[in-house]
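Close look at the chain arrangement
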Amino acid sequence: MGTPSLSLWALLGLALVLVGLWAPCVVSRQPNFIVILADDVGWGDLGANWAETKETPHLDQLAAEGTRFVDFHSAASTCSPSRASLLTGRLGVRNGVTHNFAIASLGGLPLNETTLAEVLREAGYSTGAVGKWHLGHHGRHHPNSRGFDYYFGIPYSHDMGCTDTPGYNLPPCPPCPRQGTATREARKDCYTEVALPLLENITIVQQPVDLGSLATRYAEEAARFIQRASDSGRPYFLYLALAHMHVPLSPPLPPGPGRGIYGASLSEMDALVGRIKEVADRHGKGNTLLWFAGDNGPWAQKCELAGRLGPFVGAWQRQRGGSSAKQTTWEGGHRVPALVYWPGRVPARRTSHALLSLLDIFPTLVALAGAALPPDRRFDGLDVSPVLFGWSDVGHKVLLHPNSGAAGKAGEIQALRLAQYKAFYTTGGAMACDGSIGPAERHQPPLIFNLDRDMQEQEPLDVASREYQEVLPAISWAYTQALQDIAADNVSVADYSQDPAAVPCCDVQHVGCRCQGAHGATLEPHVGKRTPRLCL
């Protein structure tokens with residue numbers, strides 16, 4: 001009996017040695033982090049996910065050189081709640097952000113919530129945010145007050161203000177008014193009176209934004225931040241929140257064959273990501289983790305200007321009218337493309353089926369940085385570094401999906417994932433391309449789908465079936481436990497009040513708040529030379 005025991009100990013010792021030799025989380029120095037968040041991108045907008053998509057060669061190469069996550073989910077199905085959850089690791093019912101902020105919002109992500117940037121800066125990181133913020137811009141809700149040393153971007157979505165050369169939208173929106181022009185009629189879903197601002201830290205550097213050059217400027221500012229941080233010798237965290245693919249910007253090239261305007265915009269986004277990867281490799285290949293993901297699914301009511309869902313079409317909802325994408329808890333609303341690239345540490349050419357979420361970015365990066373999670377609160381995200389490194393393919397046992405603008409109360413937990421099963425307690429209420437809005441329906445007992453057999457969410461399990469009856473108690477218990485855990489937590493409340501004085505405005509005396517500031521932009525003839533400012 002002694003020999004087998006010795007052999008077992010020898011094998012165990014060898015295993016420990018091998019693990020020690022390939023232990024990515026035991027690093028000699030803190031890694032750099034780049035999180036790239038695409039806006040309203042579909043699971044099928046990634047060629048590596050969906051063979052019909054041809055416009056993403058750089059992202060597909062990123063997938064080939066890293067790990068692709070095919071069961072990865074946003075924490076909400078619309079902008080502000082999803083971003084708040086990424087930066088806090090907590091669902092909107094905990095962090096207080098349950099729906100989108102407006103251009104006149106006084107509040108934002110509650111100040112008692114700790115952001116990922118704040119934790120990493122405390123751990124010695126240079127922190128930068130480039131792109132869309134949408135978590136409050138007034139006063140202390142600005143990115144510079146939420147842990148970011150540097151900010152360059154638009155404080156909310158790029159269709160929440162007029163421009164001189166409007167991007168593509170449905171319905172089309174008019175350009176900004178100019179001095180002396182007749183007052184125009186307001187158009188539904190268009191911002192016609194206030195120009196879209198571009199900020200560098202707290203300074204408005206351009207209003208209205210030139211959408212045609214925005215992708216280039218984002219790439220340039222992100223590259224400059226990486227260069228500055230690398231020169232300083234400090235590790236860095238870059239949060240790059242793209243304008244793509246919310247509604248297409250004005251592409252610099254004419255639409256090509258195939259998907260037209262949307263395809264051209266997708267190609268532009270892909271090239272931007274490729275450039276950031278190139279810069280990151282040049283300044284720290286092997287010590288930089290790049291995490292690409294979407295904030296939520298496509299905006300179905302934008303029709304041909306919306307992305308591809310892949311197989312996640314929410315067929316049950318479509319049969320009844322309404323959208324099964326953005327704003328909803330159907331897979332098309334929250335299952336998003338996700339890639340992680342870290343040469344020598346994250347396995348290449350790997351596909352993971354682990355159930356993961358944007359919520360996991362916060363605790364995972366905090367752990368990899370050697371920092372600690374903020375105390376006195378509970379987190380919905382997990383440290384999934386074992387999954388990133390290929391040691392495991394097990395993620396969440398249970399994942400909650402909140403309402404993000406469809407039927408019911410904003411932020412309310414309306415769907416739950418348990419293994420391959422998904423239960424719906426509320427459906428309907430989001431607009432589809434044809435203008436239909438599915439009827440709001442409460443389901444008690446819940447609709448339950450087996451996603452292993454029915455990823456299209458077409459046919460719920462028969463309530464009388466053995467499978468339904470076997471899984472319902474586990475789902476009901478998980479749902480009850482989740483609600484009790486939230487009720488017992490340190491929960492924040494966001495301020496959604498508005499005041500016109502909170503609208504970012506470079507020159508309140510000028511129609512549309514128009515001005516041109518830094519970076520060599522030409523000032524209007526009647527505007528005196530001065531430093532453009534953000535009215536805080």
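Since the structure is predicted, the reported quantities are computational estimates derived from the model, not experimental observations.

Conventions adopted
- Residues numbered from 1 in each chain as written.
- Predicted model: local features only at pLDDT ≥ 70, side-chain atom pairs only at ≥ 80, totals over all residues.
- Heavy atoms only, no water.
- Helix = DSSP H or I, 4+ residues; strand = E, 2+ residues; numbered from the N terminus.
- Buried < 20%, exposed > 50% of the residue type's maximum accessible area, 1.4 Å probe, protein only.
- Disulfide = S-S within 2.5 Å.
- Salt bridge = Lys/Arg side-chain N within 4 Å of Asp/Glu carboxyl O.
- pLDDT = per-residue confidence, 0-100.
- Contact = heavy atoms within 4.5 Å.
- Core = buried A, V, L, I, M, F, W, Y, C linked by side-chain atoms within 4.5 Å.
- Pairing = 2+ DSSP bridges.
- Axes fitted to C-alpha atoms, helices over the stretch in contact; angles between N-to-C directions.
- Parallel < 35°, antiparallel > 145°, perpendicular 65-115°, else oblique.
- Left-handed = near helix turned anticlockwise from the far one by under 90°.
- Nonpolar A, V, L, I, M, F, W, Y, C, P; charged D, E, K, R; others polar.
- Phe/Tyr/Trp six-rings, centres within 6.5 Å; stacked < 30°, edge-to-face > 60°.
- Lys NZ or Arg CZ within 6 Å of the ring centre and 35° of its normal.

1. A few points about unusual backbone geometry
Cis peptide bonds are those with omega within 30 degrees of zero, and the linkage from Leu170 to Pro171 qualifies with -5°. By the secondary structure assignment, Pro171 is in the loop between strand S5 (150–153) and strand S6 (198–200). Of note, the amide linkage connecting Gln207 to Pro208 takes the cis form, showing an omega dihedral of 10°. Within the secondary structure, Pro208 is located in the loop between strand S7 (203–207) and helix H6 (214–232). One non-glycine residue, Cys303, adopts positive backbone phi at about 55°. Residue position: Cys303 is located in the loop between strand S9 (288–294) and helix H8 (315–318). Take Cys303: its relative accessible area is 23%, and that puts it in the partly exposed class. Residues other than glycine seldom take positive phi values, yet Gln327 does so here, at roughly 80°. With respect to the helices and strands, Gln327 occurs in the loop between H8 and helix H9 (331–334).

2. A few points about the state of the cysteines
Overall, the coordinates contain five disulfides when judged by the stated rule. Each disulfide pairs two cysteine sulfurs, and for Cys162 the partner residue is Cys176, the sulfurs being separated by 2.1 Å. Here Cys162 and Cys176 share a disulfide; its torsion about the S-S bond, 105°, makes the bridge right-handed. Taken together, the positions of Cys162 in the loop between S5 and S6 and Cys176 in the loop between S5 and S6 put the pair 14 residues apart, joining distant regions of the chain. Of the residues examined, Cys176 reaches a relative accessible area of 6% and is grouped as buried. A sulfur-sulfur separation of 2.0 Å characterises the disulfide bridge that pairs Cys173 with Cys190. Taking the sign of the S-S torsion, -85° for the link of Cys173 and Cys190, the bridge is left-handed. Taken as a pair, Cys173 in the loop between S5 and S6 and Cys190 in the loop between S5 and S6 lie far apart in primary sequence, 17 residues in all. Since its relative accessible area comes to 11%, Cys190 is described here as buried. Regarding the disulfides, the protein chain carries the connectivity 1-3, 2-4, 5-6, 7-9, 8-10 under sequence-order numbering of its bonded cysteines.

3. Some details on the pattern of salt bridges
If you walk through the whole model with that rule in mind, you get 27 salt bridges. A salt bridge links Arg178 to Asp164, with the nearest nitrogen and oxygen atoms 3.2 Å apart. Residue Arg178 is found in the loop between S5 and S6, and its partner Asp164 is found in the loop between S5 and S6; the two are separated by 14 residues along the sequence. Overall, the relative accessible area of 29% leaves Asp164 in the partly exposed class. Salt-bridge contacts for Glu412 lead to Arg442; the nearest nitrogen and oxygen are separated by 3.3 Å. Residue Glu412 is located in the loop between strand S13 (398–402) and strand S14 (413–418), and its partner Arg442 is located in strand S16 (residues 441–450); the two are separated by 30 residues in the primary sequence. For Glu412, a relative accessible area of 24% translates into the label partly exposed. By sharing partners, the salt bridges in this structure join Arg90, Arg94, Glu113, Arg378, Asp380, Asp485 and Asp489 into a single network.

4. Quick look at the environment of Gly294
Within the secondary structure layout, Gly294 lies in strand S9. A sequence separation of 254 residues divides Gly294 from Asp40, and the C-alpha atoms of the two residues are 6.6 Å apart.

5. So, the confidence of the model for the protein chain
The pLDDT averaged across the protein chain works out to 89; a share of 88% of its residues lies at or above 70. Counting interchain partners and residues more than four positions distant, the pLDDT-below-50 stretch residues 1–27 has 14 contacts.

6. Here we look at the nonpolar core
In this structure, Phe237, Tyr239, Trp291 and Leu365 are the most contacted members of the largest nonpolar core, which totals 51 residues. Residue contributions to this core peak at five residues, all from helix H10 (residues 361–368). For Trp291, the residues in contact, after removing those within four places along its chain, are Ile34, Val35, Ile36, Phe72, Leu339, Val340, Ile361, Thr364, Leu365, Val384 and Leu388.

7. Some thoughts on the sheet that holds S16
Picture the strands of a sheet paired through backbone hydrogen bonds; they go either parallel or antiparallel. Sheet architecture is open: four strands sit in the order S13-S14-S15-S16, paired in antiparallel fashion. Edge positions in the sheet fall to S13 and S16, since each of these pairs with one other strand and no more. Between one strand and the next, the sheet's axes are offset by a mean angle of 20°, whatever the strand orientation. Where strand S15 (residues 421–427) lies against S16, six bridges are found, and the strand directions are antiparallel. Its bridge partner being in S16, Phe424 is matched across the sheet by Leu447.

8. Some remarks on H10
A large share of H10 lies buried, amounting to seven of its eight residues. If you check which residues of H10 are buried, you get Ile361, Phe362, Pro363, Thr364, Leu365, Val366 and Leu368. A positive backbone phi angle near 75° is found at Gly370, which sits one or two residues after H10.

9. Comments concerning the packing of H6 against helix H7 (residues 260–282)
Where H6 meets H7, the axes come as close as 10 Å, and the angle between the chain directions of the two elements is 15°. With respect to each other, H6 and H7 are oriented roughly parallel. Note that H6 runs across H7; the crossing there is right-handed. Of H7, the residues touching H6 (which contributes Ala215, Thr216, Tyr218, Ala219, Glu220, Ala222, Ala223 and Ile226) are Glu268, Leu272, Arg275, Ile276 and Val279. Class assignment for the residues of the contact of H6 with H7 results in nine nonpolar, one polar and three charged.

10. Brief notes about the packing of aromatic side chains
Under the counting rule described, the total for this entry stands at 17 aromatic pairs. With a centroid separation of 5.7 Å and an interplanar angle of 75°, the aromatic rings of Trp330 and Phe449 are classed as edge-to-face. Of this pair, Trp330 sits in the loop between H8 and H9 while Phe449 is found in strand S16, placing the two residues 119 residues apart along the sequence. Here Trp330 matches Phe449 in class, with each residue buried. These aromatic residues form a ring-pair network of at least three members: Trp133, Phe148, Phe237 and Tyr239. The ring of Tyr150 carries Arg228 above its face, with NZ or CZ at 4.8 Å from the centroid. Above the plane of the ring of Trp299 lies Lys326, whose end atom (NZ or CZ) is 4.1 Å from the centre.

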